[in-house]
Amino acid sequence: MYGDTTIDAQLAAREGLVDVHTHAIDDELPDLRRAYPHDRWPTIDRTGDTEAHLMFGGQPYRLIDHRSWSPRARLIDMDSKGIGMQVLSPIPVTFCYRASAAGAAELAAAQNEFFARITREHPTRFAALGAVGLQDPDLAVDEMRRCMQQPGFLGVEIGTRVGDTELADPSLDRFFAVAHELGALLLVHPSDQDLPARVTELGLGFGAGMPTETALAAAALIANGALKRRPEVRICLAHGGGALPAMIGRLDKGAIIAGMPADSPDLPSRLARRLWCDSLTYNRDALHAAVDVFGRDHVVFGSDYPFPAMPDPIDDIVATLPADLQRRIYRTNVEEHHDFEGALLRSGPDPLSAAGRHRRAHGGPIALDAG
């Protein structure tokens, strides 16, 4: 299938950039339709050695290929593109927040076992952001704890809404508090299942719906006091923060009109500095706007691999940035702020290695050479 292509499965992660936004799915994903027949579930319909249909609710959702499930196929691409490490995360259609909590928890656990197998087999090349069934926050906390006790997990990926519940809702405060306790990164990614019909019927789901959905979720976190209640949790917004950088001036002005002093530390633009984003904007000016809003040390590299949304070349916009900012986005921000060494080495009930705890306590950089 792969010919004579040679891959370096143990290449040290320090030798290439770190892609924090990639998606993967098990081609043997469990079929939950019999156990939970009243809900819509994702399934995989293999159509050949290298192709499959991702189904949702029994209907075709997306054509995918072996890069979605094969570490070897991904490694070939990574070596050709200069990617030192990929962070795997669920495809958002698998969030299934409107389905039964028990079924969503079962699906999340199965996906996390798949991610764990890959990170165990290739610990210097892959890390993971796990899945959780967030419609039951207690079950989500349990699954997040289980993930963060395993080598290779940096956190979890979550949607912009949980059914009709906003991420800012107090019912999710404990989930975010435990994420902080565990040092878990939360990647917030919109799902097209949450987009309004007005957007999708206009064919604007990708171009306008998803960035707007992300911006609304982030604005709610900022404006409703959730970031003040959860000051230390690390939240990364997919797609360059969506439309939030374009909205931040109006959010500030709206807060001032409502009576907030212009020098308040709670001004939306100041609270937004607590958030992170990835680099996936497709536009240099938009990426600069994201850097201005979130800070040059709060932007990480993301590609949306292996889907057509990937930039071409994969580092298209980032490669044109000034060298220092480029280095920060490629890997330095990840090294300095996210506990890769602890994630790659942790085992047992303690979610962090002694080295990881020491580095976090003292604020030092964390190298990516723990292979």
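The paragraphs below set out a description of the structure included in this document.

1. Considering the sheet that holds strand β7 (residues 153-158)
- An order of β1-β5-β6-β7-β10-β11-β12-β13 is seen for the eight strands of this open sheet, with the pairing classed as parallel. Edge positions in the sheet fall to β1 (17-23) and β13 (299-300), since each of these pairs with one other strand and no more.
- Relative to strand β12 (residues 276-278), strand β11 (residues 234-237) runs parallel, the two sharing two bridges. Looking across to β12, one finds that cysteine 236 is bridged to tryptophan 276.

2. What to know about empty space enclosed by the protein
- For the structure shown, the criterion picks out two cavities of 30 Å³ or more.
- Space inside the largest cavity adds up to approximately 50 Å³.
- In terms of lining residues, the largest cavity is bounded by Thr94, Phe95, Cys96, Ala104, Leu107, Ala108, Gln111, Ala131, Val132 and Gly133.
- Partitioning the lining of the largest cavity into residue classes produces seven nonpolar, three polar and no charged.

3. Quick notes on the pattern of salt bridges
- What the rule picks out here adds up to 19 salt bridges.
- For arginine 331, the salt bridge is made with glutamate 335, and the minimal N-O distance between the two is 3.5 Å. Of the two residues, arginine 331 and glutamate 335 both sit in helix α11 (residues 323-337), four residues apart, roughly one turn of that helix.
- According to the relative accessible area criterion, arginine 331 is buried, its value standing at 13%.

4. A few points about the pairing of β1
- Among the seven residues of β1, seven are classified as buried, and the element is accordingly described as predominantly covered.
- Judged from the five bridges that link them, β1 and strand β5 (residues 83-89) form a sheet pairing that is parallel. Within the sheet, the bridge partner assigned to aspartate 19 lies in β5 and is glutamine 86.

5. Notes on the packing of aromatic side chains
- All told, the structure shown has six aromatic pairs when counted by the stated rule.
- On the basis of an interplanar angle of 90 degrees and a centroid distance of 5.7 Å, the ring pair of phenylalanine 175 and phenylalanine 176 is categorised as edge-to-face. Taken as a pair, phenylalanine 175 and phenylalanine 176 share a single burial class, namely buried.
- Consider the rings of phenylalanine 206 and tyrosine 282, whose centres lie 6.2 Å apart with planes at 50 degrees: the pair is tilted. Linking phenylalanine 206 in helix α6 (residues 205-223) with tyrosine 282 in the loop between β12 and α10 (284-294), this pair joins segments that are 76 residues apart in sequence.
- Judged by its relative accessible area of 39%, tyrosine 282 falls in the partly exposed class.
- The ring of tyrosine 305 has arginine 67 sitting right over it, with the charged end atom 5.8 Å from the ring centre.
- Of note, arginine 230 hangs over the ring of phenylalanine 176, and the distance from its end group to the ring centre comes to 4.0 Å.

6. Concerning the environment of leucine 167
- Relative to the helices and strands, leucine 167 is located in the loop between β9 (165-166) and α4 (173-182).
- Expressed as a C-alpha distance, the spacing of leucine 167 and valine 188, which sit 21 residues apart in the sequence, is 9.6 Å.
- The residues contacting leucine 167, other than those within four sequence positions of it, are Leu134, Ile158, Gly159, Thr160, Val162, Leu172, Phe176, Val188, Leu221 and Arg230.

7. With respect to the sheet that holds strand β2 (residues 42-46)
- Taken in spatial order, the three strands make up an open sheet running β2-β3-β4, and their pairing is antiparallel. The strands lining the two open edges of the sheet, one partner per strand, are β2 and β4 (59-65). Neighbour-to-neighbour, the strand axes of the sheet open up by a mean angle of 30 degrees, direction not taken into account.
- Here β2 runs beside strand β3 (residues 51-56); their pairing, made up of five bridges, is antiparallel. Bridge pairing links proline 42 to phenylalanine 56 in β3.

8. Focus on the nonpolar core
- Grouped together as the largest cluster of nonpolar side chains are 85 residues, with contacts concentrated most on Leu134, Met144, Ile158 and Phe175.
- Discounting residues that sit within four places of it in the chain, phenylalanine 175 has contacts with Val132, Leu134, Ala140, Val141, Met144, Val156, Ile158 and Leu186.
- Judged by nonpolar contacts, the second largest core, of 14 residues, contains Ala127, Leu154, Ala238 and Val300.

Rules and cut-offs
- Residues numbered from 1 in each chain as written.
- Predicted model: local features only at pLDDT ≥ 70, side-chain atom pairs only at ≥ 80, totals over all residues.
- Heavy atoms only, no water.
- Pairing = 2+ DSSP bridges.
- Helix = DSSP H or I, 4+ residues; strand = E, 2+ residues; numbered from the N terminus.
- 1 Å grid on protein atoms, 1.4 Å probe; cavity = no way out; pocket = protein on both sides within 12 Å on 5 of 7 lines; lining within 4 Å.
- Points joined across faces, edges and corners; volume = space filled by probe spheres on them.
- Nonpolar A, V, L, I, M, F, W, Y, C, P; charged D, E, K, R; others polar.
- Salt bridge = Lys/Arg side-chain N within 4 Å of Asp/Glu carboxyl O.
- Buried < 20%, exposed > 50% of the residue type's maximum accessible area, 1.4 Å probe, protein only.
- Phe/Tyr/Trp six-rings, centres within 6.5 Å; stacked < 30°, edge-to-face > 60°.
- Lys NZ or Arg CZ within 6 Å of the ring centre and 35° of its normal.
- Contact = heavy atoms within 4.5 Å.
- Axes fitted to C-alpha atoms, helices over the stretch in contact; angles between N-to-C directions.
- Core = buried A, V, L, I, M, F, W, Y, C linked by side-chain atoms within 4.5 Å.

Coordinates in, geometry out; function isn't part of it.
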